[in-house]
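Descriptive structure summary
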Amino acid sequence: MDKSDAVNVQTENVPVIDLNLTINENPVKVQVEPTARLVDILRDELQLTGTKISCGIGRCGACSVMIDGQLVNACLTMAYQADQTSITTIEGVSRDQEMDPIQKAFLEEGGFQCGYCTPGMVMAVKVLLEEVPVPTEEDIKMALSGNLCRCTGYGGIIRAVQRMAAENSEVR
Amino acid sequence: MVNEHEPLMSGKPPTLPVPTKIWRPSDLSEAWELKRRYGSEACYITGGTLIQLQREQGTPLAEHLISLDKINVLEGFDQLEDEGQFKLRIGALTTLSDCHRNVFIEEYWPILAEAIRHVASPAVRNRATIGGNVCYQVGDVIPALMVLEAEAVSFDGTTYLRNDIATYIQSVNGKDHPILTSITLPEPPVSAQVLSFFKKVGRREAFIPSIVTVACYTCINESGEVEYIRLAAGGGTASPKRLYESERFLQKKVLVEEDLGRLYDLVLQEYVPASDPFTTAEYRKTVAANVIVSEFEKLIQ
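The following refers to the structure shown.

So, how was this worked out
- Residues numbered from 1 in each chain as written.
- Chains lettered and ligands numbered in written order.
- Predicted model: local features only at pLDDT ≥ 70, side-chain atom pairs only at ≥ 80, totals over all residues.
- Heavy atoms only, no water.
- Helix = DSSP H or I, 4+ residues; strand = E, 2+ residues; numbered from the N terminus.
- Buried < 20%, exposed > 50% of the residue type's maximum accessible area, 1.4 Å probe, protein only.
- Contact = heavy atoms within 4.5 Å.
- Areas by Shrake-Rupley, 256 points an atom, 1.4 Å probe, with all protein chains shown as cover.
- Lys, Arg positive; Asp, Glu negative; His and termini not counted.
- Charge placed at Lys NZ, Arg CZ, Asp CG, Glu CD.
- Axes fitted to C-alpha atoms, helices over the stretch in contact; angles between N-to-C directions.
- Parallel < 35°, antiparallel > 145°, perpendicular 65-115°, else oblique.
- Left-handed = near helix turned anticlockwise from the far one by under 90°.
- Pairing = 2+ DSSP bridges.
- Polar contact = N/O pair within 3.5 Å; in protein donor to acceptor, adjacent residues only side chain to side chain.
- 1 Å grid on protein atoms, 1.4 Å probe; cavity = no way out; pocket = protein on both sides within 12 Å on 5 of 7 lines; lining within 4 Å.
- Points joined across faces, edges and corners; volume = space filled by probe spheres on them.
- Nonpolar A, V, L, I, M, F, W, Y, C, P; charged D, E, K, R; others polar.

Another point: the overall build of chain A. When its secondary structure is counted, chain A shows six helices and seven strands. Traced from its N-terminal end to its C-terminal end, chain A shows the element sequence β-β-β-β-α-β-β-α-β-α-α-α-α. Judged by the C-alpha coordinates and their principal axes, chain A covers about 60 × 30 × 30 Å. Among the 172 residues that make up chain A, the fraction classed as buried is 54%. Residue pairs in contact within chain A that sit at least 24 positions apart in sequence constitute 55% of those at least 6 positions apart. Just so you have it, chain A exposes about 7900 Å², and 46% of that area is on carbon and sulfur atoms. Within chain A, the 24 negative side-chain charges are centred at a point lying 6 Å from the centre of the 14 positive side-chain charges.

Structural data, given as structure tokens:
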């Protein structure tokens, strides 16, 4: 064995690793190929199908999740890169069967139509509001620049975020 | 080279012909040795955003991926002082997001911050590294680094090399190219007036491959004369280049309206972009010339 921390466990010529994750505050261990995409692990191995897959190259944002508090594309993240991290998916956003206020705002402001992009949008907005509780329209557009919606024209989505910003502003 | 205009493929990646092994060396010498051992079957990886994009477009992963993410010396920022000059060392593994948030970059090198803001999306910038953008050879931050006279520090297995960005980018094509370890930004010159800008033109406002990128850093003295100028252009699949002829033309000039036509012609002459199915080289030249001239026109006005 080389002194490198090589991921090189051979099983019938297919290398696998023990991937240790915390997903939505629950510890999870799965055996996967080190180059498997995180989005496939979430959806196929763990049945967390709220995270969507579309472009596969980080262009659409449908697979957005939080890794250690940062927004990332699960399609661009390989298994070995996610080892020992804490991941939040759309399933971890709601609490006690209650929707997150961001989800409510999307619902009430018409922030989705087909809904396919919505989990990724909600994750991106969650990260934005944690960093900038009262974002400007420019902040919102920048934060959502990696999340594509082909239905709404973004009007309802931006309104939803502005509603959250207004509520946060009142609280402050 | 990535063709940004290949049809997008969805679903799972293609079946891999050979299982890929991931190596995570803890120091540069070890990484270098692994690359030498496996040669063309090995590839360095940091954030991996480009490699994943290429994989989805049909390029199989290398048989051996040498991840540099455990090499701690490649991360973060160091403030340096060199003969009274302030410099910032950026580790090659530093993410574009961390660069964008850095207060020194914001204050001293704002055109780099502006260039980074135009790379992909926040989620991609959280994984993509500044070293990866440079090693991509056509990354959008490269023109900004060129005009800021950034230095690329790399490791060739025994020693650390110091080169300008353009020289390092050329070396990336070589068989045993040195590992980029850091980028050093020197404090930019100051003057009575500074004109600096970074402009990216794409097919939409955000998150789009560039058609043209232009960066400029110009110092103008109290007499209105250009006393220092660095100008670079990139975009598409051609590596960014400094526009030396245009720089020479502008140097020592007090710019007047009539100079702009000559500047326009010079940019058309020396900027050599590539054509692709969406954008001709001629179009890119015209866009670059228009962008540069319009910025200098503001200066005259």
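Here the focus is the packing of helix H3 (residues 101–108) of chain A against helix H4 (residues 118–131) of chain A. Residues and elements named next belong to chain A. Remark: H3 packs on H4, axes separated minimally by 10 Å, with the N-to-C direction vectors making an angle of 125°. Put simply, H3 runs oblique to H4. In the crossing of H3 with H4, the sense of the turn from one axis to the other is right-handed. When H3 is examined against H4, the residues Ile102, Gln103 and Phe106 are found in contact with a partner set consisting of Thr118, Met121, Val122, Val125, Lys126 and Leu129.

Residues and elements named next belong to chain B. Taken in spatial order, the four strands make up an open sheet running E9-E10-E11-E12, and their pairing is antiparallel. Only two strands of the sheet have a single neighbouring strand rather than two, namely strand E9 (193–202) and strand E12 (238–242). Neighbour-to-neighbour, the strand axes of this sheet turn through a mean angle of 5°, independent of strand direction. Examined bridge by bridge, strand E11 (residues 226–235) and E12 share three bridges and lie antiparallel to one another. Bridge pairing in E12 links Ala232 to Arg242. Packed on one face of the sheet, helix H5 (residues 110–117) meets E9 and strand E10 (210–220) and runs near 10° to E9. Relative to E10, helix H12 (residues 281–300) is tilted by about 30°, and along the sheet it contacts E9, E10 and E11.

Bringing the environment of A:Gln47 into the picture now. Residues and elements named next belong to chain A. Position of Gln47 relative to the elements: it lies in the loop between helix H1 (38–45) and strand E5 (64–67). When the C-alpha atoms of Gln47 and Lys141 are compared, they prove to be 31 Å apart, with 94 residues separating the residues in sequence. A polar contact is formed between the side chain of Gln47 and the backbone oxygen of Asp44, at a distance of 2.6 Å.

A word on empty space enclosed by the protein. Counted under the stated rule, the structure contains one cavity of 30 Å³ or more. Empty space within the largest cavity amounts to approximately 30 Å³. For the largest cavity, the full set of lining residues is A:Gly61, A:Ser64, A:Leu71, A:Asn73, A:Ala143, A:Gly146, A:Asn147, B:Ser121, B:Pro122 and B:Ala123. Among the elements of the structure, strand E6 (70–73) of chain A together with helix H6 (122–125) of chain B are those that each provide at least two residues to the lining of the largest cavity. Considered class by class, the residues forming the lining of the largest cavity number four nonpolar, six polar and no charged.

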